[in-house]
Amino acid sequence: EQKRETGSSGLADTILLVSVNVEENTIKMLVVPRDTIVPVKVLDTEGNLAWEEEKQLTLQYAYGQTAEASRELMTEAVSELLYKLPIQRSCAVNFQALPILNDAIGGVTLTSIETVYWWGGELHEGEEMHLLGQEALNYVRARDERVEESSMGRLERQKQYVSCYIEQAKEAVRGDLTLPVQLYKSLTEHMSTNVTLED
């Protein structure tokens, strides 16, 4: 994996803590707001800790020199924020991969929980829509930066989308049991993870 300049890899857009109960077959999610102020580890150009600074959690991802290092820094920061909660697996997926995931299960149908505008499109609160390709990315990513706290509405949309995706993906997998392996392989170039194919 190619090294990059520390602090240059971009920010974490969405931070989800997912708890999977394999005995009860349930999934619970906690959305961690990216603007949460935490001690962020600032690394030098060699990747060594230079200092810690109280900053937005989203910034921690930028300080890794590789996708793997960024993922590990974020995992540690979220664990620390949640009183050293053990996090066994982590996954960082580039947002640009969302259309791939979305369309692999035939798209995601949901009812918009707020009115969302993006360049070239919109979705109104209460409107049901079958999201395909870029529309899915727009729904989870768009927000009106002129409106204070608009990122909180986006967080709720992201959580809604992930819940709908999981439910609809279950149906898709029932029709094609090879789908999880196909999805995992299709994400390889867009993902850093310690989740194995067996997992």
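Here is what the cut-offs are and how they apply
- Residues numbered from 1 in each chain as written.
- Predicted model: local features only at pLDDT ≥ 70, side-chain atom pairs only at ≥ 80, totals over all residues.
- Heavy atoms only, no water.
- Disulfide = S-S within 2.5 Å.
- Buried < 20%, exposed > 50% of the residue type's maximum accessible area, 1.4 Å probe, protein only.
- pLDDT = per-residue confidence, 0-100.
- Helix = DSSP H or I, 4+ residues; strand = E, 2+ residues; numbered from the N terminus.
- Phe/Tyr/Trp six-rings, centres within 6.5 Å; stacked < 30°, edge-to-face > 60°.
- Expected span 1.5 Å × (residues − 1).
- Contact = heavy atoms within 4.5 Å.
- Salt bridge = Lys/Arg side-chain N within 4 Å of Asp/Glu carboxyl O.

Visitor: Any chance you could explain the state of the cysteines here in plain terms?
Guide: What makes a disulfide is a covalent bond joining the sulfur atoms belonging to two cysteines. Scanning all chains against the criterion turns up 0 disulfides. No disulfide involves cysteine 91; its nearest neighbouring cysteine sulfur is the one of cysteine 164, lying 20 Å away. You can call cysteine 91 partly exposed: its relative accessible area is 43%.

Visitor: Even after reading the chapter, I still don't get the confidence of the model for the chain, so can you show me in this structure?
Guide: For the chain, mean pLDDT is 91; residues scoring 70 or higher make up 96% of the total. The spread of mean pLDDT over the elements of the chain runs between strand 8 (residues 121–123), the lowest at 87, and strand 6 (residues 108–111), the highest at 98.

Visitor: Could you clarify how one ought to interpret the packing of aromatic side chains in this entry?
Guide: The relation between two aromatic rings is expressed through the spacing of the ring centres and the mutual angle of the planes. Counted according to the given criterion, the structure contains 1 aromatic pair. Ring geometry for tyrosine 161 and tyrosine 165: centres 6.1 Å apart, planes at 35°, overall tilted. Of this pair, tyrosine 161 and tyrosine 165 both sit in helix 4 (residues 150–175), 4 residues apart, which is roughly one turn of the helix. Comparing tyrosine 161 with tyrosine 165, the two get one shared label, buried.

Visitor: How should I be thinking about helix 1 (residues 67–81) in this particular structure?
Guide: In an α-helix, one turn spans 3.6 residues; hence positions three or four apart end up facing the same way. Spanning 15 residues, helix 1 covers 21 Å between terminal C-alpha atoms, matching the ideal 21 Å at 1.5 Å per step. Within helix 1 the residues assigned to the buried category are Ala67, Ser70, Arg71, Leu73, Met74, Thr75, Ala77, Val78 and Ser79. On its buried side, helix 1 packs onto strand 3 (37–43), strand 5 (91–93) and strand 10 (191–193). Where helix 1 terminates, the next one or two residues include tyrosine 83, which has phi positive at roughly 55°.

Visitor: Before we go on, may I ask you to explain the pattern of salt bridges in this structure?
Guide: It is possible for side chains bearing opposite charge to pair when their charged atoms get close. Considering all chains together, one arrives at 8 salt bridges under this definition. Each of Asp13, Arg34 and Arg141 takes part in one network of salt bridges that share partners.

Visitor: Would you take a moment to explain the environment of tyrosine 161 for this structure?
Guide: Residue tyrosine 161 is classed as buried on the basis of its relative accessible area of 3%. Here the alpha-carbon distance between tyrosine 161 and serine 112, two residues 49 residues apart in the chain, equals 9.5 Å. Sequence-distant contacts of tyrosine 161, that is, excluding residues within four places in its chain, are made with Leu98, Asn102, Val108, Leu110, Leu131, Ala136 and Val140.

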